[in-house]
Amino acid sequence: MRILNLAGRRLAASIPTLLLILVGVFLLLQFAPGDTVDAMMAQMGGGDAATARELRRFYGLDLSIPMQLANYLWRLVRLDLGFSAIYGKPVAAVILERLPPTLLLMTSALSFAFFFGLVFGVIAARGVNRWPDTLISTVGLVFYATPSFWFGLMAIVVFSIYLQWLPAGGFEDIGAVRTGIWRMLDIASHLVLPSLTLGLIFLAIYLRIMRASMLEVLNLDFVRTARAKGLDETRIITRHVLRNALLPMVTLIGLQAGTMLGGSVVVETVFSLPGLGRLAYESVVQRDLNTLLGIVFVSALLVILVNFITDLLYARLDPRIAADS
Amino acid sequence: MTSSRFEINRRAALLTSAAIAANVVNPFRAFAQETPRKGGVFNVHYGAEQRQLNPSLQASTGVYIIGGKIQENLVDLDANGQPVGVLAESWEATPDGKTITFKLRKGVTWHDGKPFTSEDVAFTAMNMWKKILNYGSTLQLFLTSVDTPDPQTAIFRYERPMPLNLLLRALPDLGYVSAKHLYESGDIRQNPANLAPVGTGPFKFVKYERGQYIIAERNADYWRSNSPYLDRIVWKVITDRAAAAAQLEAGDLHYSPFSGLTISDMARLGKDKRFIVSTKGNEGNARTNTLEFNVRRKELADVKVRRAVAHAINVPFFIENFLGDFAKLGTGPIPSTSTDFYPGTNTPQYPYDKAKAAALLDEAGYKPGAGGTRFALKLLPAPWGEDISLWSTFIQQSLGEVGIAVEIVRNDGGGFLKQVYDEHAFDLSTGWHQYRNDPAVSTTVWYRSGQPKGAPWTNQWGWDDAKIDKIIDDAATEVDPLKRKALYADFVREANTELPVWMPIEQIFVTVITAKARNHSNTPRWGSSSWHDLWLSA
């Protein structure tokens, strides 16, 4: 399969990029004043210089920067992500614990944004310049302009405090020990508000892209031909227009997988979700280089994976792409 | 000697707007007739995860709030702020102050069933307090050995006199005991028990889910019979202050300690009948807002300039408009909550007087130049707490009015400590000084010369004064409590005269707790204490 070949080559090409990113992040963090021991001292509320020296030796921070970098890369070659100074266990274990909430949040937010972006985009394009379009475009603009932390807090005030329908935060209910389907439902109820909050901005973007590309495709010759053939309008939209209009949407998903990881920092903080975004933030503040590099590594892999899937989707939507490669 | 402890409440009550005052005047609506109810889960706001939970290795409220329920200290403070035995039943010092004997409680067992003995105390003191624990390594610097003639006796031997009242006031924070049998082999810092603590306390560690929660449950074999009342305690990790306030309102949290919410949320919840918002129970966690002068800088080496800076800032205005009911005017390095050491008269003080500030600067030889500016300074605020940020902006504007241009350089925690305490790359810095029951624990190091570079919260301003050094050293080994108190009065007077650090605002941490809680906030370090008598009404 040629598309797999293409994707394989892409994958190989991304290894130097990955290396560059890791070295770049490593060096960038060296510019931040203070190291993990300083951050630790801040947390403890003080300590003496001998303790600090001892801790620096313990975390290998007494070595020179090139030595630290070389050590890190050598460990990475052996697929060892190192030891987390914040959590006192291997970085791989810490990341593995934090990955499920982030993945769940990302997938649910993306599917929500994609689905409703598509539906509203189509509705807006169908009623262009009439009231459905005006309404949808205005609401979309409001979503786009609202900061997600504010939206999240308002959602908590309305749905958790006043209506008491949904939990205000956390990943699952700790009080009740649930298993199987009940646990899944519990986690799902905890994810509703965060997914909405994270998804709304993306929904606004998808909606505008969908609307624009629908309008563009609707004016193309083959649509006119289809209409001339006397096809009914629903069939024109679903079979002809939608399929072609979806391409820019799929492109965007690939691009935004990375953005979403970044955006989830705020949402994870507001909803106290134990995800990768918050872990990344904490590891910067605590100068935990190993954990941060580990997260960069895993996120980069995620983005590469999503782009790989995007490539496959492209080929499915537009066979010419697979043929061209 | 407890009157001044309540002075803050009384004073606040007189000053405040009605809503919060109602709670401060009577923070504990009378429940004397109620009988304690067993059971219930207590949900606690946990703002910042620590790298470990063993209070024998790390002295900070972030650790005590969890580890202090599971492990116990030799001594704690009672409702009047006096030392009261926990794992120690009694203590005795020789007149020379070099030998202090603790008699330990009988019939206490670790959560894993092994008996608690003096061996545990000796091991913890020599290997953890003296070597690893922050502040402990300074406090126990002259500890030479701990003898254990029998399982219920631990004899601390010191090279230099150790004032008994200093040790007893330090041990509530720096006297948590760990089990020898768990720590005697291997690297203490790497021990798995640091994140799954085993203690003798009222609650047993159950589970730590990183980034989410920590759970401890009732210890059925606790030595205080009929205690604890709660079934379990759950600490929920919530880093966002606004989110924590929302969870309190939604009923998912019962307690947010140590001013964990924003100032406006605390004021708002204070008007809500479901919550009690008060400084009570935090008297042992007093802190002052500081302004630190790097005296390596030529202008700041002149005491006239330092005094001019203090006179130029309208502190009462700042407190009234920005901090509200949670703060009061500070008078020096020892806060008024310290019943044992507060000297009463803390002269000299530096009341707001812009004309006097300008005159002092003129006198020091710094006349206004072009545009009215005399000289420029770099101010580094610590990043913990919104009050510090507001205070630094207020300093900048106030000093601008007397011709000192201030540039604010903001950093995160690690960056701030590095630049101020290691690289000394500041002219002015501002943050909190936390007072820990006795000035010798963590206050005098702010003034004593010869602090090693890079040690946070010590004298890194380059201050060197033989007179102050001598008072500090004498007081640290003075065995007679009355003489010690007099020495610290001298210390406060000298510190306020020379002003290497200015401590103009006194604050006590604010607690937000559900009105259903009983027996809460009943000791001066309640947030850190063991909560063995805490219960929830139906």
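Residues numbered from 1 in each chain as written. Chains lettered and ligands numbered in written order. Predicted model: local features only at pLDDT ≥ 70, side-chain atom pairs only at ≥ 80, totals over all residues. Heavy atoms only, no water.

Structural notes on the interface of chain A and chain B
Then, number 1: Listed per partner, the contact involves 47 residues of chain A and 47 residues of chain B.
Then, number 2: Of the roughly 3,900 Å² buried between chain A and chain B, counting both surfaces, carbon and sulfur atoms make up 54%.
Then, number 3: Across the contact surface, chain A and chain B share one salt bridge.
Then, number 4: With a shortest N-O distance of 2.7 Å, B:Asp412 and A:Arg287 are connected by a salt bridge.
Then, number 5: Counting every contact that joins chain A to chain B gives seven residue pairs in polar contact (both at pLDDT 80 or more). (Contact = heavy atoms within 4.5 Å. Buried area = accessible area lost by both parts, 1.4 Å probe. Salt bridge = Lys/Arg side-chain N within 4 Å of Asp/Glu carboxyl O. Polar contact = N/O pair within 3.5 Å; in protein donor to acceptor, adjacent residues only side chain to side chain.)

A closer look at the confidence of the model for chain A
Then, number 1: A residue-level look at chain A finds 94% of positions with pLDDT of 70 or above and a mean pLDDT of 83.
Then, number 2: Mean pLDDT values for the elements of chain A range from 65 in helix α13 (residues 319–324) of chain A up to 90 in helix α5 (residues 91–126) of chain A. (pLDDT = per-residue confidence, 0-100. Helix = DSSP H or I, 4+ residues; strand = E, 2+ residues; numbered from the N terminus.)

Details of the UniProt feature "transmembrane region" (unreviewed entry) in chain A
All names here are of chain A.
Then, number 1: Cross-referencing UniProt, the feature "transmembrane region" (unreviewed entry) maps to residues 12–32, 103–123, 135–163, 187–207, 245–271 and 291–315 in the present numbering.
Then, number 2: Between the C-alpha atoms that bound residues 12–32 there is a distance of 32 Å. The span itself is 95% helix and 0% strand.
Then, number 3: A distance of 28 Å separates the end C-alpha atoms of residues 187–207, which is 100% helix and 0% strand. (UniProt positions renumbered as here; feature names shortened; annotations may be inferred.)

Comments concerning the UniProt feature "domain: Solute-binding protein family" (unreviewed entry) in chain B
Then, number 1: Sites flagged by UniProt as "domain: Solute-binding protein family" (unreviewed entry) map to residues 83–450 of chain B.
Then, number 2: End C-alpha to end C-alpha, residues 83–450 of chain B measures 32 Å, and it is 29% helix and 23% strand.

Quick word on unusual backbone geometry
Then, number 1: Of note, the amide linkage connecting B:Ser227 to B:Pro228 takes the cis form, showing an omega dihedral of 0 degrees.
Then, number 2: Looking at the element boundaries, B:Pro228 is found in the loop between β9 (213–218) and β10 (232–237).
Then, number 3: Along the chain, B:Thr347 connects to B:Pro348 via a cis peptide bond; the corresponding omega equals -10 degrees.
Then, number 4: Positive phi, close to 60 degrees, is recorded for A:Leu79, a residue that is not glycine.
Then, number 5: Within the fold, A:Leu79 resides in the loop between α4 (65–77) and α5.
Then, number 6: The exposure class assigned to A:Leu79 is exposed, which follows from its relative accessible area of 72%.
Then, number 7: At A:Gln164, a position not held by glycine, the phi torsion is positive, near 55 degrees. (Buried < 20%, exposed > 50% of the residue type's maximum accessible area, 1.4 Å probe, protein only.)

What to know about helix α10 (residues 303–311) of chain B
All names here are of chain B.
Then, number 1: The buried fraction of α10 amounts to seven of the nine residues, a majority that puts the element mostly inside the structure.
Then, number 2: When we look at burial in α10, the residues that qualify are Val303, Val305, Arg306, Ala308, Val309, Ala310 and His311.
Then, number 3: Residue Asp302 occupies the N-cap position of α10, its side-chain oxygen lying 2.9 Å from the main-chain nitrogen of Lys304.

Things to note about the sheet that holds strand β4 (residues 88–93) of chain B
All names here are of chain B.
Then, number 1: What the four strands build is an open sheet, ordered β4-β5-β7-β6; its pairing is antiparallel. Strands at the two margins of the open sheet, each flanked by one partner only, are β4 and β6 (143–150). Averaged over all pairs of adjacent strands, the angle between strand axes in this sheet comes to 20 degrees, irrespective of strand direction.
Then, number 2: Set on the sheet, helix α4 (residues 118–129) makes contact with β5 (99–104), β6 and β7 (153–158); between it and β6 the angle comes to about 170 degrees.
Then, number 3: Together, β4, β5 and β7 form the strand contacts of helix α6 (residues 164–174), whose direction differs from that of β5 by roughly 45 degrees. (Pairing = 2+ DSSP bridges. Axes fitted to C-alpha atoms, helices over the stretch in contact; angles between N-to-C directions.)

Considerations on the packing of helix α11 (residues 315–323) of chain B against helix α13 (residues 386–401) of chain B
Residues and elements named next belong to chain B.
Then, number 1: Viewed as axis vectors pointing N to C, α11 and α13 meet at an angle of 140 degrees, and their least axial separation amounts to 11 Å. It follows from the interaxial angle that α11 and α13 lie oblique. Helix-helix and strand crossings are classified by hand; for α11 and α13 the assignment is right-handed. Contacts from Val315, Phe317, Phe318, Phe322 and Leu323 in α11 reach Asp387, Leu390, Trp391 and Phe394 in α13.
Then, number 2: Across the contact of α11 with α13, the residue classes tally to eight nonpolar, no polar and one charged. (Parallel < 35°, antiparallel > 145°, perpendicular 65-115°, else oblique. Left-handed = near helix turned anticlockwise from the far one by under 90°. Nonpolar A, V, L, I, M, F, W, Y, C, P; charged D, E, K, R; others polar.)

Regarding the pairing of strand β19 (residues 501–508) of chain B
All names here are of chain B.
Then, number 1: Burial analysis of β19 places eight of its eight residues in the buried class, the great majority of the element.
Then, number 2: Bridge count between strand β13 (residues 286–293) and β19: six bridges; the pairing is antiparallel. Across the sheet, residue Thr288 finds its bridge partner in β19, namely Glu506.
Then, number 3: Note: strand β14 (residues 327–329) against β19, three bridges, orientation antiparallel.

Remarks on the packing of α5(A) against helix α6 (residues 131–145) of chain A
All names here are of chain A.
Then, number 1: Two elements in contact, α5 and α6, have axes separated by 7 Å at closest approach and are oriented at 140 degrees. Comparing their axes, α6 and α5 come out oblique. Both α5 and α6 take part in a crossing whose hand is left-handed. The residues of α6 that touch α5, namely those facing Phe120, Ile123 and Ala124, are Pro132, Asp133 and Ile136.

Things to note about the packing of aromatic side chains
Residue and element names in this part refer to chain B.
Then, number 1: Taken as a whole, this structure holds 35 aromatic pairs over all chains when the rule is applied.
Then, number 2: Between Phe341 and Tyr488, the ring centres sit 5.4 Å apart and the planes meet at 85 degrees, which makes this aromatic pair edge-to-face. Highlighted residues: Phe341 in the loop between β14 and α12 (354–363) and Tyr488 in helix α17 (residues 481–498), separated in sequence by 147 residues. Summarising the burial analysis for this pair, Phe341 and Tyr488 share the class buried.
Then, number 3: When the centroid spacing of 6.1 Å and the interplanar angle of 65 degrees are considered together, the rings of Tyr421 and Trp461 count as edge-to-face. Remark: Trp461 occurs in the loop between α15 (439–442) and α16 (466–477) and Tyr421 occurs in helix α14 (residues 413–422); sequence separation between them is 40 residues. (Phe/Tyr/Trp six-rings, centres within 6.5 Å; stacked < 30°, edge-to-face > 60°.)

A closer look at the environment of B:Val492
Residue and element names in this part refer to chain B.
Then, number 1: Tracing the sequence through the fold places Val492 in helix α17.
Then, number 2: The buried category is assigned to Val492, whose relative accessible area is 1%.
Then, number 3: For the pair Val492 and Asn346, spaced 146 residues apart in the sequence, the C-alpha separation amounts to 6.6 Å.
Then, number 4: Once residues lying within four places of it in the same chain are set aside, the contact partners of Val492 are Pro333, Ile334, Pro343 and Asn346.

Here we look at the layout of surface pockets
The method is simple in principle: a probe with the dimensions of a water molecule rolls over the atoms, and the space it marks as empty is what remains.
Then, number 1: Within this model, the largest pocket holds a volume of roughly 1,800 Å³.
Then, number 2: Around the largest pocket sit 48 residues that line it, and B:Ala48, B:Arg241, B:Pro383, B:Trp384 and B:Gly385 are the ones nearest its centre.
Then, number 3: Elements that contribute at least two residues to the lining of the largest pocket include exactly α2 (36–44), α10 (233–270) and α11 (276–285) of chain A together with β1 (41–46), α3 (61–70), α14 and β18 (432–434) of chain B.
Then, number 4: When its residues are assigned to classes, the lining of the largest pocket shows 19 nonpolar, 20 polar and nine charged.
Then, number 5: Put simply, the second largest pocket is a space of about 890 Å³. (1 Å grid on protein atoms, 1.4 Å probe; cavity = no way out; pocket = protein on both sides within 12 Å on 5 of 7 lines; lining within 4 Å. Points joined across faces, edges and corners; volume = space filled by probe spheres on them.)

What about the side chain of B:Arg51?
Then, number 1: By secondary structure assignment, the location of B:Arg51 is in the loop between β1 and α3.
Then, number 2: Here B:Arg51 occupies a buried position and makes no salt bridge, while the nearest side chain of opposite charge, A:Asp288, is found at 6.0 Å.
Then, number 3: Within polar-contact distance, the side chain of B:Arg51 engages the side chain of A:Thr36 at 2.8 Å.
Then, number 4: A polar atom in the side chain of B:Arg51 sits 2.8 Å from the side chain of A:Gln286.
Then, number 5: Apart from residues no more than four positions distant in its own chain, B:Arg51 is found in contact with A:Thr36, A:Ala39, A:Met40, A:Gln43, A:Ala85, A:Ile86, A:Gln286 and B:Leu195. (Lys, Arg positive; Asp, Glu negative; His and termini not counted.)

Description of α17(B)
All names here are of chain B.
Then, number 1: A rise of 1.5 Å per residue sets the reference length of α17, with its 18 residues, at 26 Å; its end C-alpha atoms lie 26 Å apart and thus fit the reference within 8%.
Then, number 2: Buried within α17 we find Arg484, Leu487, Tyr488, Phe491, Val492, Glu494, Ala495 and Asn496.
Then, number 3: Along its buried surface, α17 packs onto α6, α15 and α16.
Then, number 4: The N-terminus of α17 is capped by Asp480, whose side-chain oxygen sits 3.0 Å from the backbone nitrogen of Leu482.
Then, number 5: Downstream of α17 by one or two residues, Leu499 has phi in the positive range, about 55 degrees. (Expected span 1.5 Å × (residues − 1).)

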